[in-house]
Amino acid sequence: MPALTSIRTSEGKLEIVDQLLLPHTTAFVEIKSVEDAFDAIKSMRIRGAPAIASLAVLAVADHLSRALEHIPTPEWLGNAAALKQHVEGVLAYLFTARPTAVNLGTAIRRLTQTLQGGVGAGKEPRAIAQDLISEAKEIEAEDVGRNKQMSRWGGEWLVERVKGLGGSGAELNVMTVCNTGSLATSGYGTALGLITYLHESGKLQRAFYTQSTPYHQGSRLTAFELQSLNIPSTMLCDSMVGSLFQHHNIHAVAVGADRIARNGDTANKIGTYNAAVLAARHNIPFIVVAPVSTVDLEVADGSGIPIEQRPPIEACLVRGALHPPVLDGNGVKQQGTVMVTPEGLEGVYNPSFDVTPASLITAIVTEKGVAVKKEGEDAFDLTPIV
């Protein structure tokens, strides 16, 4: 099976794989405008903090490339001031697509700095536009390399920790939450990258992953990725984590992050906090793996992280392939959506993320290294890894 990807660019086209159709149908959707990108992010046809940021900046680059080729030239490319006003509006619009994932804001700030630098230097609007296109492509290209680096840091840290406690550092069992692989990034992944690294280096016995309801990113996407990589794995319902820890030797829980506060408090897929509490009860190391761009030093702790509330209906529905399988005229599995709750529920609590306190986290890993808390402290000093 070819390597999975969330975004592809070829022959001047920007496309994403529609993750709402996975794993049963792999369909690429062309992103023809900034509005298309916004809708794809908001509707979760693409998700994962790094992938969201990559799509946003590539959509801006595509928008600018089309404008540079358009005849007649758009008015907003006529002078630097008009370009600045237009691009700032586009960036502000994309920023509102999903509020919790800080990578999007980090990427947008980089483009804003490039824009302001070009205007301040007195560059021509077309030159500024080219600078923005180059910066956007650089942001996207950086992702795969840093993912592999942080996966190696985290994997080696875990191996040495297990050895330090008298273990062999081999045949490790690692549990993860949600989906943090190639479908959530530009390639390789963060927490799932750590698992992949352990597998590639012969140190992994089995990966465990939660279904991660209500969107089932685990049972749909992580399952699909692990299967494609031939990594031994086991799925469990979100409510089975405690039982898993009671009856199986789990060496670590590795999760990604959508935002990490200055003290180490971490916002991630709903259900992460539950897993962290249970891991602490069973003395299982809890590892957060995320790029530097996920760390928000302007937010002191988790209380300052905005938590996205998803539409209530999403928690009432499940989508998947019909079973037994039914094929359409093209041989593609037909999919359907069913409601699993009574209609007209008056109350549905459906946050997309929760916040795991730093006190429950054993290590935070970025592409720059591994941070652990000082003895007796509940907060991290993230300075060495940002």
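Preceding this section is the structure that the text describes.
Attention in this report is confined to the structure presented alongside it. (Residues numbered from 1 in each chain as written. Predicted model: local features only at pLDDT ≥ 70, side-chain atom pairs only at ≥ 80, totals over all residues. Heavy atoms only, no water.)

## Looking at the side chain of aspartate 18
As a reminder of what qualifies: Going along the chain from the N terminus, every DSSP run of H or I of four or more residues is numbered as a helix, and every run of E of two or more is numbered as a strand. For every residue, the accessible area obtained with a 1.4 Å probe (protein chains only) is divided by the maximum for its type, and the residue is called buried under 20%, exposed over 50%, and partly exposed between those limits. When charges are tallied, Lys and Arg are placed among the positive residues and Asp and Glu among the negative ones, while His and the ends of the chain are skipped. Salt-bridge detection follows one rule: a side-chain nitrogen of Lys or Arg within 4 Å of a carboxyl oxygen of Asp or Glu. Any pair of residues with heavy atoms lying within 4.5 Å of one another is described as a contacting pair.
Within the fold, aspartate 18 resides in the loop between strand E2 (13-17) and strand E3 (28-30). For the buried residue aspartate 18, which engages in no salt bridge, the nearest side chain bearing the opposite charge is arginine 45, 4.7 Å off. Setting aside residues up to four positions removed in sequence, aspartate 18 forms contacts with Ala27, Val29 and Arg45.

## Overview of the side chain of arginine 310
Let me state the cut-off plainly: Side-chain atoms alone can form a polar contact between residues adjacent in sequence; in general such a contact is a pair of N or O atoms within 3.5 Å, and within protein one must be able to donate a hydrogen while the other accepts it.
Relative to the assigned elements, arginine 310 resides in the loop between strand E11 (295-296) and strand E12 (317-321). Among the residues examined, arginine 310 registers a relative accessible area of 8% and is labelled buried. A polar contact is formed between the side chain of arginine 310 and the side chain of glutamate 308, at a distance of 2.8 Å. In this structure arginine 310 touches Lys42, Ser43, Met44, Arg98, Tyr215, Asn350 and Ser352, once residues within four positions along its chain are discounted.

## Quick word on unusual backbone geometry
Here leucine 22 and proline 23 are connected by a cis peptide whose omega angle stands at 5°. Following the sequence through the fold, proline 23 ends up in the loop between E2 and E3. Cis geometry is found at the peptide bond from threonine 213 to proline 214, where omega equals 5°. With a phi angle near 65°, serine 212 is a residue other than glycine that sits in the positive phi range.

## Let's talk about the packing of helix H5 (residues 125-164) against helix H6 (residues 191-200)
The following threshold applies: Whenever a helix is involved, its axis is fitted only over the stretch in contact; in every case the axis is a line through C-alpha atoms, and angles between N-to-C directions fall within 0 to 180 degrees. Crossing handedness: left-handed means the near helix sits turned counterclockwise from the far one by under a right angle, and right-handed means the same turn made clockwise. Gly falls in the polar group here, along with every residue not listed as nonpolar (Ala, Val, Leu, Ile, Met, Phe, Trp, Tyr, Cys, Pro) or charged (Asp, Glu, Lys, Arg).
Where H5 contacts H6, the two axes come as close as 8 Å, and the packing angle between them is 65°. Crossing handedness for the pair H5 and H6: right-handed. In this structure, H5 contributes Ser151, Arg152, Gly154, Gly155, Glu156, Leu158 and Val159 to the contact, and H6 contributes Gly193, Leu194, Tyr197 and Leu198. Classifying every residue of the contact of H5 with H6 gives 5 nonpolar, 4 polar and 2 charged.

## Observations regarding the state of the cysteines
To keep things clear, this is the line we draw: Two cysteine sulfurs form a disulfide in these notes if their separation is within 2.5 Å.
Considering all chains together, one arrives at 0 disulfides under this definition. No disulfide involves cysteine 237; its sulfur sits 16 Å from the nearest other cysteine sulfur, which is in cysteine 178. Overall, the relative accessible area of 26% leaves cysteine 237 in the partly exposed class. Of all cysteine sulfurs, the one in cysteine 237 lies closest to cysteine 316, which takes part in no disulfide; the gap is 18 Å.

## A word on the pattern of salt bridges
One pass over the full model with this rule turns up 15 salt bridges. Across the pair glutamate 15 and arginine 8 runs a salt bridge whose closest N-O atoms are separated by 2.7 Å. For arginine 8, a relative accessible area of 37% translates into the label partly exposed. For glutamate 308, the salt bridge goes to arginine 310, with nearest N and O atoms at 2.8 Å. Here glutamate 308 matches arginine 310 in class, with each residue buried. By sharing partners, the salt bridges in this structure join Arg98, Glu308, Arg310 and Glu314 into a single network.

## Quick notes on the environment of valine 162
Relative to the elements of secondary structure, valine 162 occurs in helix H5. Valine 162 sits 82 residues away from leucine 244 along the chain, and the two C-alpha atoms are 19 Å apart. Discounting residues that sit within four places of it in the chain, valine 162 has contacts with Gly167, Ser168, Gly169, Leu172 and His251.

## Concerning the sheet that holds strand E10 (residues 286-289)
Our working rule: Paired strands, as defined in this entry, are two strands with at least two bridges between them according to DSSP.
Strand order in this open sheet of 7 strands is E6-E5-E4-E7-E10-E15-E16, and the pairing throughout is mixed. Of all strands in the sheet, those with a lone pairing partner are strand E6 (233-236) and strand E16 (369-372), marking the two edges. Going from strand to strand, the sheet's axes swing by 25° on average, the running direction of each strand aside. Looking at chain direction, strand E7 (residues 252-255) and E10 are connected through 3 bridges and run parallel. Across the sheet, valine 253 pairs through a bridge with phenylalanine 286, a residue of E10. On the sheet, H5 packs against strand E4 (172-176), E7, E10, strand E15 (363-366) and E16 and is oriented at approximately 145° with respect to E15. Strands E4, E7 and E10 of the sheet are contacted by helix H9 (residues 272-281), whose axis makes an angle of about 145° with E10.

## Looking at helix H7 (residues 217-228)
Side chains that are three or four residues apart share a direction in an α-helix, a result of its 3.6 residues per turn. Put simply, the test is: Take the residue count of a helix, subtract one, and multiply by 1.5 Å to get its expected span.
Taking 1.5 Å as the rise per residue, H7 with 12 residues should run 16 Å; its terminal C-alpha atoms sit 15 Å apart, in good agreement. Counting buried positions along H7 yields 11 of 12 residues, so the element is predominantly enclosed. Those residues of H7 not exposed but buried are Gln217, Gly218, Ser219, Arg220, Leu221, Thr222, Ala223, Phe224, Glu225, Leu226 and Ser228. Where the residues of H7 are buried, they touch E4, H6, strand E5 (204-210), E6 and strand E9 (266-269).

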